[in-house]
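Coordinate analysis (summary)
The residues making up each chain are set out below.
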Amino acid sequence: MNIIPPSIKNSAYPLTRLPLNSIEGIQKGIPLFHGVNIKDIAFVTKRFETLNLFRGCRVNCSHCLKDAKEPVKGRETVLFEDLINFLDGFKTLSERVGFNVFQGNKYVNIIDDANPSDIPIRGKYRNHSVVEAIKQIYDKINLPVIFVTSGWNKASKYSGQAAEDLVKQIEKNPAIFVLIGSSNSG
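How each quantity is defined
- Per chain, residue numbering runs from 1 following the sequence as it is written.
- Predicted model: local features are reported for residues with pLDDT of at least 70 only, side-chain atom pairs are reported and counted for 80 or more only, and whole-chain, interface and lining totals are derived from all residues.
- To get the side-chain values, all heavy atoms of the structure are used, and hydrogens and water are removed first.
- Fitted lines through C-alpha atoms serve as axes, helices being fitted only where they are in contact, and the angles separating the N-to-C directions of these axes extend from 0 to 180 degrees.
- Labels follow the DSSP assignment, with helices taken as runs of H or I lasting at least four residues and strands as runs of E lasting at least two, numbered in each case from the N terminus.
- Orientation is classified from the angle alone, with under 35 degrees giving roughly parallel, over 145 giving roughly antiparallel, 65 to 115 giving roughly perpendicular, and any other angle giving oblique.
- We call two residues in contact whenever any of their non-hydrogen atoms come within 4.5 Å of each other.
- For this scheme, ten residues count as nonpolar: Ala, Val, Leu, Ile, Met, Phe, Trp, Tyr, Cys and Pro. Four count as charged, namely Asp, Glu, Lys and Arg, and the remainder, Gly too, count as polar.
- The buried label applies to any residue whose accessible area, calculated with a 1.4 Å probe on protein chains only, is under 20% of its type's maximum; exposed applies above 50%, and partly exposed to all values in between.
- Here the expected span of a helix is defined as 1.5 Å times the quantity of residues minus one.
- We call a set of buried Ala, Val, Leu, Ile, Met, Phe, Trp, Tyr and Cys residues a nonpolar core when their side-chain atoms join them within 4.5 Å.
- To be clear, the arc concerns the directions from the helix axis to the C-beta atoms.
- In the analysis that follows, any N or O atom pair within 3.5 Å is treated as a polar contact, provided that within protein one partner can donate a hydrogen and the other can accept it, and provided that, for residues neighboring in sequence, both atoms belong to side chains.
- In this scheme Phe, Tyr and Trp rings, the latter by its six-membered ring, pair at centre separations within 6.5 Å, and the angle between planes marks the pair as stacked below 30 degrees, edge-to-face above 60, and tilted otherwise.

Moving on: the packing of helix 5 (residues 130-141) against helix 6 (residues 157-172). At their nearest, the axes of helix 5 and helix 6 sit 9 Å apart, and the two run at 30° to each other. Taken together, helix 5 and helix 6 sit at an angle that is classed as roughly parallel. Counting all contacts with helix 5, which are made through Val131, Ile134 and Lys135, the residues of helix 6 involved are Asp165, Leu166 and Gln169. Considering only residue class, the contact of helix 5 with helix 6 consists of 3 nonpolar, 1 polar and 2 charged.

Moving on, we get to unusual backbone geometry. A positive phi angle is found at arginine 47, which is not glycine, with a value near 55°. For arginine 47, the location among the structural elements is in the loop between helix 3 (38-45) and helix 4 (80-97). The backbone of asparagine 142 shows a phi angle near 55°, a positive value even though the residue is not glycine. As for its position among the elements, asparagine 142 is in the loop between helix 5 and strand 2 (145-149). For asparagine 142, a relative accessible area of 44% gives the class partly exposed.

Here we take up helix 5. Given a rise of 1.5 Å per residue, 12 residues ought to cover 16 Å, and the 16 Å separating the end C-alpha atoms of helix 5 matches this to within 8%. Of the positions making up helix 5, those classed as buried are Val130, Val131, Ala133, Ile134, Ile137, Lys140 and Ile141. Phi turns positive, to about 55°, at asparagine 142, one or two residues after helix 5.

A separate point is the nonpolar core. What tends to happen in soluble globular proteins is that the nonpolar side chains get buried as a cluster. Within the largest apolar cluster, 45 residues are counted, with the highest numbers of intra-cluster contacts made by Leu15, Leu51, Leu53, Leu93, Ile110, Ile134 and Ile137. Here the element with the most residues in this core is helix 4; it accounts for 8 residues. Among residues more than four places away in sequence, those in contact with leucine 53 are Glu76, Thr77, Val78, Leu83, Ile110, Ile121, Ala133 and Ile137.

Of the residues making up helix 3, those classed as buried are Ile38, Ile41, Ala42 and Thr45. An end-on view of helix 3 places all buried positions within 100° of arc, on one side of the element. Against the buried residues of helix 3 lie helix 2 (20-23) and helix 4. For helix 3, the N-terminal capping position is held by asparagine 37, with its side-chain oxygen 3.0 Å away from the main-chain nitrogen of lysine 39. Once helix 3 ends, the next one or two residues include arginine 47, with phi positive near 55°.

Here we come to the packing of aromatic side chains. Under the defined criterion, the tally for this structure stands at 5 aromatic pairs. Ring geometry for phenylalanine 33 and phenylalanine 90: centres 5.0 Å apart, planes at 80°, overall edge-to-face. Here phenylalanine 90 lies in helix 4 and phenylalanine 33 lies in the loop between helix 2 and helix 3, a separation of 57 residues in the sequence. Here phenylalanine 33 and phenylalanine 90 have matching classes, each one buried. Pairing phenylalanine 90 with phenylalanine 102 gives two aromatic rings, centres 4.9 Å apart and planes at 50°, and the pair type is tilted.

This is the structure in structure tokens:
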């Protein structure tokens, strides 16, 4: 592969600015991209905004714009290992091309219609916290996370601990987050 000029490496959405036919195949051997062409990968990297880790909400806010419904038992979260495979695939691709393929994206949202502090992310061997997921996202693809919540379930020991862990992480590394919000629903 020819040397990529800094004007492309440092630009917004750099993968989309390359002559993709000339780098087709650079994704070979990365399990995430098996059978996927570089043009489709470039499309995903442009304005990558949401990586849903959770589905469904039990709060039932009357003002919910998403009209969030109760989560389906056993399908409340992605599998943590699938998240890691996704992140590792893009991290490896970024290393191969010599720049962050998500350059230009400002953040990633981790929810669409859920409260991320309410339940752990299921894994094959153990459950994982939302803080673990956020740290992995930032460490591997260098995108801060938007974290929006309607609060946490005060009756849930897990939710309370998750909220405390989140605050500690914000204090430790605020660059991982773009926005913390609460709609104070109920």
